[in-house]
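# Understanding the architecture of this molecule
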Amino acid sequence: RGRGGAEMEATQGTYEAEVALKEQQLRVKQTMEMEALLHRGARGRDELTMTRKLDMERRQQRFKNVMNELQNLQRLESVQLEHFLEQQSMAGKRHTVGRQTRKK
């Protein structure tokens, strides 16, 4: 009995050591996987932030371009209107001068 009990204790001790080692290996593996997932999540978040930033910069540039185009168009229309009004004014003066000459 003594000899069988000692072998049983040795086998039990070996089994517990193997289980403890496998548990430790599993914890290390899970920790590494968790860190990898956290890094991947952080990288994805950083990429999303950068994409949003670039999109916003593009939108702001597009807005500035549209505003500049509208301002240029407004200036052009203003110049054309002034030119038109000057032409109308000059035509009115010619017409008025022509009438005055005829009346005399």
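A short tour of the structure in this document, coming up.

Of the regular secondary structure elements, the protein chain holds one helix and zero strands. With 104 residues in all, the protein chain has 0% of them scored as buried. Accessible area for the protein chain stands at about 10,200 Å²; split by element, carbon and sulfur atoms hold 57% of it.

Turning next to the environment of Thr31. With respect to the element layout, Thr31 can be found in helix H1 (residues 2-103). Given the relative accessible area of 42%, Thr31 is considered partly exposed. In terms of polar contacts, Thr31 uses its side chain to reach the backbone carbonyl oxygen of Arg27, at 2.8 Å.

Our next topic: the pattern of salt bridges. If you walk through the whole model with that rule in mind, you get two salt bridges. Notably, a salt bridge pairs Arg27 with Glu23, separated by 3.7 Å at the nearest N-O pair. Here Arg27 and its partner Glu23 are both found in helix H1, four residues apart, which amounts to about one turn of the helix. Residue Glu23 is classed as partly exposed on the basis of its relative accessible area of 39%.

Turning our attention to a nonpolar patch on the surface. A grouping of Phe63, Val66, Met67, Leu70, Leu73 and Leu76 is seen on the molecular surface, where their side chains present a nonpolar patch of about 550 Å² in accessible area. If you trace the backbone, Leu70 turns up in helix H1. With relative accessibility at 48%, the residue Leu70 sits in the partly exposed group.

Criteria and thresholds
- Residues numbered from 1 in each chain as written.
- Predicted model: local features only at pLDDT ≥ 70, side-chain atom pairs only at ≥ 80, totals over all residues.
- Heavy atoms only, no water.
- Helix = DSSP H or I, 4+ residues; strand = E, 2+ residues; numbered from the N terminus.
- Buried < 20%, exposed > 50% of the residue type's maximum accessible area, 1.4 Å probe, protein only.
- Areas by Shrake-Rupley, 256 points an atom, 1.4 Å probe, with all protein chains shown as cover.
- Polar contact = N/O pair within 3.5 Å; in protein donor to acceptor, adjacent residues only side chain to side chain.
- Salt bridge = Lys/Arg side-chain N within 4 Å of Asp/Glu carboxyl O.
- Patch = residues over 30% accessible without salt bridge, like charges linked within 9 Å, V, L, I, M, F, W, Y side chains within 5 Å.

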